[in-house]
Amino acid sequence: MYEPVIGLEVHLHLKTKTKMFCSCSADYFGAAPNTHVCPVCLGLPGVLPVPNAQAVDYGIMFALALGCEVPEWTQFHRKHYFYPDMPKNYQISQYDRPIGARGVLEVAGERIGITRVHLEEDAGKSLHPAGEAHTLLDFNRAGSPLIELVTEPDIKSPEQARLFLNHLRAIAQTLGISDANPEEGKMRADVNVSVRRPGEPLGTKVEIKNLNSFRSVQKALEYEIERQTKILKKGGQIEQATLGWDENAGRTYLMRTKEGEADYRYMPEPDIPMLHVTKEWLERVRAAMPELPAEKMRRYREAGVKAYDAEILAYDRELSGLFDAALAAGAPAQALANWLNADVRGFLAAGEKTVAETGLTPEHLAALVKLADEGKITSRVAKELLPEVMEGADPARLVKERGLEAVSDEGALAKIVDEVIANNPAVVEQIKGGKAKAINALLGQVMKATRGTARPDLVRKLLAEKIGVEV
Ligand SMILES: [Zn+2]
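Residues numbered from 1 in each chain as written. Predicted model: local features only at pLDDT ≥ 70, side-chain atom pairs only at ≥ 80, totals over all residues. Heavy atoms only, no water.

Naming follows an unreviewed UniProt entry, where the chain appears as Aspartyl/glutamyl-tRNA(Asn/Gln) amidotransferase subunit B of Oceanithermus profundus. For the record of the chain, the UniProt heading Subunit (unreviewed entry) holds the text "Heterotrimer of A, B and C subunits." Heading Sequence similarities (unreviewed entry) of the UniProt record for the chain holds this comment: "Belongs to the GatB/GatE family. GatB subfamily." (UniProt positions renumbered as here; feature names shortened; annotations may be inferred.)

Draft legend 1. Spotlight on the overall build of the chain. Helix and strand counts for the chain stand at 15 helices and 15 strands. Its C-alpha radius of gyration of 29 Å places the chain more than 25% over the 23 Å reference for a compact globule of 471 residues. Over its C-alpha atoms, taken along the principal directions, the chain stretches across nearly 95 × 55 × 50 Å. Counting only contacts in the chain whose residues sit at least 6 apart along the sequence, the fraction spanning at least 24 positions is 69%. (Helix = DSSP H or I, 4+ residues; strand = E, 2+ residues; numbered from the N terminus. Rg over C-alpha atoms; globule rule 2.2 N^0.38 Å. Contact = heavy atoms within 4.5 Å.)

Draft legend 2. Spatial organisation of the side chain of Thr74. By the element assignment, Thr74 lies in strand 2 (residues 73-74). Note on Thr74: relative accessible area 2%, which makes it buried. A distance of 2.7 Å separates the side chain of Thr74 from the side chain of Gln94, its partner in a polar contact. Here the side chain of Thr74 touches Arg97 through a polar contact of 2.8 Å, landing on its backbone oxygen. (Buried < 20%, exposed > 50% of the residue type's maximum accessible area, 1.4 Å probe, protein only. Polar contact = N/O pair within 3.5 Å; in protein donor to acceptor, adjacent residues only side chain to side chain.)

Draft legend 3. Quick peek at the sheet that holds strand 6 (residues 110-121). With mixed pairing, the 8 strands of this open sheet are ordered in space as 5-6-9-1-10-11-12-13. Looking along the sheet, the strands with just one partner apiece sit at the ends: strand 5 (100-107) and strand 13 (251-257). The sheet shows a mean angle of 30° between the axes of neighbouring strands, direction not considered. Most of the contacts of helix 1 (residues 53-65) go to strand 9 (residues 145-151), to which it runs at about 20°, and overall it touches strand 1 (3-13), strand 5, strand 6 and strand 9. Docked against the sheet, helix 2 (residues 158-175) engages strand 1, strand 5, strand 6, strand 9 and strand 10 (187-196), running at close to 115° with respect to strand 5. (Pairing = 2+ DSSP bridges. Axes fitted to C-alpha atoms, helices over the stretch in contact; angles between N-to-C directions.)

Draft legend 4. Quick peek at the sheet that holds strand 4 (residues 90-93). Spatial strand order, 4-3-14: 3 strands in an open sheet with antiparallel pairing. Whereas interior strands pair on both sides, the edge strands pair on one side only; in this sheet they are strand 4 and strand 14 (267-268). When strand 3 (residues 77-80) meets strand 14, the two strands line up antiparallel, connected through 2 bridges. By the bridge assignment, Arg78 is partnered in strand 14 with Met267.

Draft legend 5. Expanded view of the packing of aromatic side chains. If you walk through the whole model with that rule in mind, you get 6 aromatic pairs. Judged by centre distance (6.2 Å) and plane angle (65°), the ring pair of Tyr81 and Tyr264 falls under edge-to-face. Taken as a pair, Tyr81 in the loop between strand 3 and strand 4 and Tyr264 in the loop between strand 13 and strand 14 lie far apart in primary sequence, 183 residues in all. Ring centres of Tyr95 and Tyr266 lie 4.0 Å apart, and the angle between their planes is 15°; this geometry places the pair in the stacked category. With a gap of 171 residues between them, Tyr95 in the loop between strand 4 and strand 5 and Tyr266 in the loop between strand 13 and strand 14 connect regions that are remote in the sequence. By way of ring pairs, the aromatic residues Tyr81, Tyr95, Tyr264 and Tyr266 are connected into one cluster. The ring centre of Tyr264 lies 4.4 Å from the NZ or CZ of Lys79, which sits over that ring. Positioned above the aromatic ring of Trp339, the side-chain terminus of Lys383 is 5.0 Å from the ring centre. (Phe/Tyr/Trp six-rings, centres within 6.5 Å; stacked < 30°, edge-to-face > 60°. Lys NZ or Arg CZ within 6 Å of the ring centre and 35° of its normal.)

Put into structure tokens, the structure is as follows:
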């Protein structure tokens, strides 16, 4: 029996107006190559970088949101490496004085340690035109602000890794510091994974790079855990390596084997003084922070929502907004959470829609949930009405117009029950013969005859009474 040990390294693009150390616009998405550049981000001699105050605020905010310690003094370092898309031949990053350290993010009741959060600049982009012998360089992205986050190897499953990233995205989006959209490259994750027998020391880990969706992270980890486990079971050894992920083939592939840690010759950035993060600065940033998903979750728990549902909702920005508004409109909390996490989510996923793309209002949702929760309509009728309510219909009006109120009048139901019993002698014999489950067939017919409005518990009781069996 082997268990996986997983750590993540996540890069988030910050949503600032300008780049990390110059005044070039950071909004270069879709722009012509090399139109968002200046001597600073091109690394020309004699220029001076100036840290972007908004980016530093965002870094502090993110660190605080993850419960990190923010040091009184934070510092930028030069990290040297040579690559064509890095014009300075070093990246301005942070080393031993990052903007945040020793944080924690709770995922489904498990605490995942955050080793560090630091600020740095992104590199440019190399483009390799098909069939050409040369490489093109676009420096629009060079110098744009990034947060890098590194976790402790606390993650115990691919599913947990996906949830962690989901939670991280929700936090970044709630703070408004990043679009955190993996599809647009605004959030990238590298993973470290090894397997071991429980209680044994850590095994040799491999790194999987360039995973551009949360689903890829989960799939790549599942594949890699299985691959490593098979090797170890056969008595083999894991080779330390950097792997890529082939999405189409559904497997990892070798990029390079590691020959030890790269030496980046970190040195303090001489052109940027250490930043003094005063108490006042911290308090100013803290005061500007909106309610975080973890706080939302606590609030939902207090409103009576189960932990599992509260967590899913709190880390879903769209549905939590709807939850808050529908709760304020009088919907019962747990029933509302059930509707959002199951039916509404399913409807949106099936149509690949966002809430804003539907006609759903919090008031209509609250009304529908209340009607069903109070037994004024059956849950079957409620579910049948949902698509129309999602398109903007008022559920109370639909119920009234179509006479869909739940029927709990035994006299009215008894007549239909009698008819169904009379029309199905064979089924009745089966039930009398001990096949209790066959009663569902009759129940279904009564529901159909009443367009789903009959209270199922009542119909079941009447059927049993009239046939003469116990339910
Ligand atoms: Zn620039």
